[in-house]
Amino acid sequence: MLSMLSLLVHLFLANYSAGGLTKGSMHMDDVLPFGPRPRPQRLWGPLRKLDHLHPFVNPSKSYAAPSKHNGFIYAKIYGGFEKIQSSICDLVAVARLLNATLVIPEIQATTRAKGISPKFKSFSYLYDEDHFIDALSNDVAIVHGLPKDLREARKKIKFPTVSPRNSATPEYYITQVLPRLVKSKVIGVIVNGGNCLQSILPATLEEFQRLRCRVAFHALRLRPQIQALGSQIVGRLRASGRPYLAYHPGLLRDTLAFHGCAELFQDIHTELIQHRRSQMIKRGTVKEQLTVDSVSRKTAGLCPLMPEEVGLLLQALGYPPTTIIFLAGSETFGGQRMLIPLRAMFANLVDRTSLCSQKELSDLVGPEDPLALDLPQLPPPKSEKQLIEEWKRAGPRPRPLPPPPSRPFYAHEKEGWYGWIGENDTEPDASPIEFRRQAHRLLWDALDYFVSVEADAFFPGFHSDGSGWPDYSSLIMGHRLYQKPFGITYRPDRKIVAALFENVTDHRYHPPRNWTIAAREHLNRSAGVEGVVSSAMLSRPVSFLSHPLPECSCRTPKSPAIQPVKDSNGRLLFGGEKECPDWMARSLAMASAKNSEPQNEDYEDELPEDDSSPGMQQESDRSDANKSSEQDEEMDPDD
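For clarity, every value in this text was computed on a predicted model and none was experimentally measured. (Residues numbered from 1 in each chain as written. Predicted model: local features only at pLDDT ≥ 70, side-chain atom pairs only at ≥ 80, totals over all residues. Heavy atoms only, no water.)

Enquirer: So what exactly am I meant to see when it comes to the overall build of the protein here?
Expert: Scanning the protein from N- to C-terminus turns up 26 helices and 16 strands. Evaluated residue by residue, the protein yields a buried proportion of 47% over its 639 residues. The long-range fraction of contacts in the protein, counting pairs at least 24 apart against all pairs at least 6 apart in sequence, stands at 80%. Surface exposure of the protein reaches about 33,400 Å², of which carbon and sulfur atoms provide 56%. (Helix = DSSP H or I, 4+ residues; strand = E, 2+ residues; numbered from the N terminus. Buried < 20%, exposed > 50% of the residue type's maximum accessible area, 1.4 Å probe, protein only. Contact = heavy atoms within 4.5 Å. Areas by Shrake-Rupley, 256 points an atom, 1.4 Å probe, with all protein chains shown as cover.)

Enquirer: Got a minute to help me understand unusual backbone geometry in this structure?
Expert: Peptide bonds are trans in most cases, and residues, glycine excluded, mostly fall at negative phi. The step from G45 to P46 runs through a cis peptide bond, and the omega angle for that step is 5°. Considering the arrangement of structural elements, one finds P46 in the loop between α2 (41-44) and β1 (53-55). A cis amide bond links L549 to the next residue, P550, at an omega of 0°. The phi dihedral of S167 is positive, around 60°, even though this residue is not glycine. Take S167: it is sitting in the loop between β6 (161-162) and α7 (170-184). Phi is positive for K185, which is not a glycine, with a value near 70°. One can find K185 in the loop between α7 and β7 (186-191).

Enquirer: What am I meant to see in the packing of aromatic side chains here?
Expert: Note on aromatic pairs: each is described by the distance of the centres and the angle between the planes. Under the defined criterion, the tally for this structure stands at eleven aromatic pairs. Centroid distance F217 to Y482: 4.5 Å. Interplanar angle 20°. Geometry classified as stacked. Taken as a pair, F217 in helix α8 (residues 206-219) and Y482 in helix α20 (residues 472-483) lie far apart in primary sequence, 265 residues in all. Among the residues examined, Y482 registers a relative accessible area of 5% and is labelled buried. (Phe/Tyr/Trp six-rings, centres within 6.5 Å; stacked < 30°, edge-to-face > 60°.)

Enquirer: Explain the sheet that holds strand β11 (residues 457-460) to me, please; I cannot follow it from the model alone.
Expert: Sheet strands pair by backbone hydrogen bonding; their relative direction is either parallel or antiparallel. With respect to topology, five strands assemble into an open sheet ordered β10-β9-β8-β11-β12, the strand pairing being parallel. Lying at the two open borders of the sheet, with one neighbouring strand each, are β10 (349-350) and β12 (488-489). By the bridge criterion, two bridges tie strand β9 (residues 324-327) to β10 in an arrangement that is parallel. Directly across from I325, in β10, lies its bridge partner L349. (Pairing = 2+ DSSP bridges.)

Enquirer: What is the right way to read the sheet that holds β1 from this model?
Expert: Spatially, three strands are ordered β1-β13-β16 in an open sheet, and the strand pairing comes out mixed. The sheet terminates laterally at β1 and β16 (578-579), the two strands that pair on one side only. Where strand β13 (residues 553-555) and β16 come together, two bridges link them in parallel fashion. Counterpart to C554 in the pairing with β16 is K578.

Enquirer: What's the story with the pattern of salt bridges in this structure? I'm lost.
Expert: Opposite charge on two side chains permits pairing when their charged atoms draw close. Tallied over the full model, the rule gives 21 salt bridges. The partner of R276 in a salt bridge is D254, and the shortest N-O contact between them spans 2.4 Å. Taken together, the positions of R276 in helix α11 (residues 268-283) and D254 in helix α10 (residues 253-259) put the pair 22 residues apart, joining distant regions of the chain. Accessibility expressed as a relative area gives 16% for R276, which makes it buried. (Salt bridge = Lys/Arg side-chain N within 4 Å of Asp/Glu carboxyl O.)

Enquirer: What am I meant to see in the packing of helix α19 (residues 432-453) against α20 here?
Expert: Axes are the key here: two packed helices are described by the angle between their axes and the distance separating the axes. Between α19 and α20, the shortest axis-to-axis distance is 10 Å and the interhelical angle comes to 40°. Regarding the angle of α19 to α20, the classification is oblique. Between α19 and α20 lies a crossing of right-handed hand. The segment α19 lies against α20, with D445, D448, Y449, S452 and V453 engaging Y472, L475, I476, H479, R480 and Q483. (Axes fitted to C-alpha atoms, helices over the stretch in contact; angles between N-to-C directions. Parallel < 35°, antiparallel > 145°, perpendicular 65-115°, else oblique. Left-handed = near helix turned anticlockwise from the far one by under 90°.)

Enquirer: Honestly, the state of the cysteines in this entry has me stumped. Any pointers?
Expert: Working definition: the covalent bond between the sulfur atoms of two cysteines is a disulfide. Following the criterion strictly, the structure yields three disulfides and no others. Note that C554 is cross-linked by a disulfide to C580, the S-S spacing being 2.0 Å. The disulfide joining C554 to C580 has a torsion of about 90° about its S-S bond and is therefore right-handed. Of the two residues, C554 is situated in strand β13 and C580 in the loop between β16 and α24 (582-594); the sequence distance between them amounts to 26 residues. Overall, the relative accessible area of 1% leaves C554 in the buried class. Should the bonded cysteines of the protein be numbered as they appear in the sequence, the pairing reads 1-4, 2-3, 5-6. Left unpaired, C89 is separated from the closest cysteine sulfur, that of C213, by 8.4 Å. With no disulfide of its own, C196 has C89 as its nearest cysteine by sulfur position, at a separation of 9.8 Å. The exposure class assigned to C196 is buried, which follows from its relative accessible area of 1%. (Disulfide = S-S within 2.5 Å.)

Enquirer: How should the environment of G80 be read in this particular structure?
Expert: By the element assignment, G80 lies in the loop between β2 (72-77) and α3 (81-97). We classify G80 as partly exposed; its relative accessible area is 25%. Put simply, G80 and A109 are 29 residues apart on the chain and 7.8 Å apart in space, counted from C-alpha to C-alpha.

Enquirer: Hey, could you run me through the pairing of β11 in this one?
Expert: Remember that side chains alternate between the two faces of the sheet whenever the strand is regular. Covered by surrounding structure in β11 are A457 and F459 together with F458 and P460, the residues of both alternating faces. Strand direction decides the pairing type here: strand β8 (residues 244-248) and β11, joined by four bridges, are parallel. Looking at β11, one finds that L245 is bridged to A457.

Enquirer: I'm lost on a nonpolar patch on the surface in this one. Help?
Expert: Together, L2, L5, V9, F12 and L13 line one region of the surface with nonpolar side chains, adding up to about 550 Å² of accessible area. In this structure, F12 sits in helix α1 (residues 2-17). (Patch = residues over 30% accessible without salt bridge, like charges linked within 9 Å, V, L, I, M, F, W, Y side chains within 5 Å.)

Enquirer: Mind showing me how you'd approach the environment of G45 here?
Expert: Within the secondary structure, G45 sits in the loop between α2 and β1. Note: C-alpha distance between G45 and T489 (444 residues apart in sequence) is 9.5 Å. Once residues within four sequence positions are removed from consideration, G45 is found in contact with P40 and I488.

Enquirer: Please explain α8 as it appears in this structure.
Expert: Think of an α-helix as turning once every 3.6 residues; residues three or four places apart then point the same way. Between the first and last C-alpha of α8 there are 19 Å, a value that for 14 residues agrees with the 20 Å anticipated at 1.5 Å per step. Taken across its 14 residues, α8 has twelve buried, putting it largely inside the fold. Among the residues of α8, E207, F208, Q209, R210, L211, R212, C213, R214, V215, A216, F217 and A219 are the ones counted as buried. The elements touched by buried residues of α8 are α3, α5 (129-135), α20 and β16. (Expected span 1.5 Å × (residues − 1).)

Enquirer: Mind showing me how you'd approach the pairing of β8 here?
Expert: A large share of β8 lies buried, amounting to five of its five residues. A two-sided burial pattern is seen for β8, the buried positions comprising Y244, A246 and H248 on one face and L245 and Y247 on the other. Bridge count for β8 against β9 is four bridges, and the pairing is parallel. Residue A246 lies in a different strand from β9, and its bridge partner there is F326.

Enquirer: Whenever I open this one, the side chain of S526 confuses me. Can you help?
Expert: Within the fold, S526 resides in helix α22 (residues 513-526). Side-chain polar atoms of S526 contact the backbone nitrogen of R491, separated by 3.3 Å. Leaving out residues up to four positions away in the same chain, S526 has contacts with T489, Y490, R491, P492, G531 and V532. (Polar contact = N/O pair within 3.5 Å; in protein donor to acceptor, adjacent residues only side chain to side chain.)

Limitation: the analysis is restricted to geometry and does not speak to function.
Next comes the structure, spelled out in structure tokens:
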């Protein structure tokens, strides 16, 4: 009895000292505790050098819908989320160029997936169809489908189809496509690469660039279910009162195969990348040899940054270990094993699966028909008469025993790389479950796109690759540049970063101070005007949506004088934005006056905190900043 009484007393004291936590439910278990800290402007913004830019895509002159109707355009779009987003914007511009009515495009990744939710078909699987039609009513006539008589003729393949090459010119559509459209009244467009219209249009087609921005940033609204769940994720990330950083690794199998980065991985992953590269060579997508030096490719900045390298760069910038990092993207080639070093440095690395319940994700997918079970089929049993006949045909005695029956292949052996990589030279066709997963990946990419655009800071592992395809990170960076250019968006030059890591191969986790300062200076420059301009040099010729300046922005009348920056062809990249209209300038002035708050001091040389006091740390920062690189090497604790 005394023992029981003592146990009850101890339990009561333990519960009382814990503040009653045992009775409540735990929230956000993956977020480590933190103390009250200011929000450094250098890490979370806003950037004063870019806060004069504001989104503005209204037509600059009379831009009524065309009265002449040349026919209908229907389209089939192949590819992932980034290719779908870019292709739809190009198709709307093409429809306006040809004075045609655009039928809602078909997303093939959803039409090929059998049994997905019947509530959402093709385009509506990702986007709000009614809003898309209404938002562009003054620009292009858009309909849900062809008229009934034309629909029957399409099923009988009576209309011509075109498959424009990547970055086709407006002249191609006017000279090649328009005559066929006028003749047949209906034409189909098959889009594979994500860019069916060239990125940089002539100056006379400036309104078409603004039209692209209206499509991408206003008309292409994600369906309400995706937006609602994305807003919940953003709210949960900021529930602790801290900002969050979004990070997209960019480790995609197609990207790694295109640039020859197979040797950065090991074992079976290298085999998978090389197999995909051989497929690209056969199709003519890659015009190089199968085997290349991956180390030299990475040194040239053609390969994605590894998560370990990104973690070290974020540490150099001064982000504390408790920083909340949202992992975006539906695919990270190499799996969770590649993220182990980053999780060791930043424990609050979360994604949609850790922030949402399984029910919330399944509700986003919607009700789906169950797939037929692919169970192994055993051979039918043989009758006694068949066995006797086989025995008689078996030949003279003695004879060896018959071979054992072949082992049946189970469903898990037919799915993924382990079902074919060791036995066959060709990758099998996608199974029904794989088609369904491809459709689901579109949802996850759309959800993460929403969360990344709303993030307080964004860091891409791979962007502006120059392959001619729109990439996921570049679209996010372009959307952020349009929606909130003052937000922190890093645009690292992977070639410079590779050179930095090459200098500290043996001391990555304890680099000398001059390395930390060099890495920080480069990343801070990449988030400012210099990074915007250098990124535009690479990304704008490939994808206009990755750098929608200067056509899709305006500047306040009292903005600082900025020298316009042009490319080698004389096209404006930055600084050529028009002034915002008076009504917009007045509303912006009122909003800034209402929300004006004192900004935190921005320490350009702030390093990650240690056990020393802040005053001593700042004093040592100022003294160490003047030391030479030789002195830094001598003071390296690892020497």
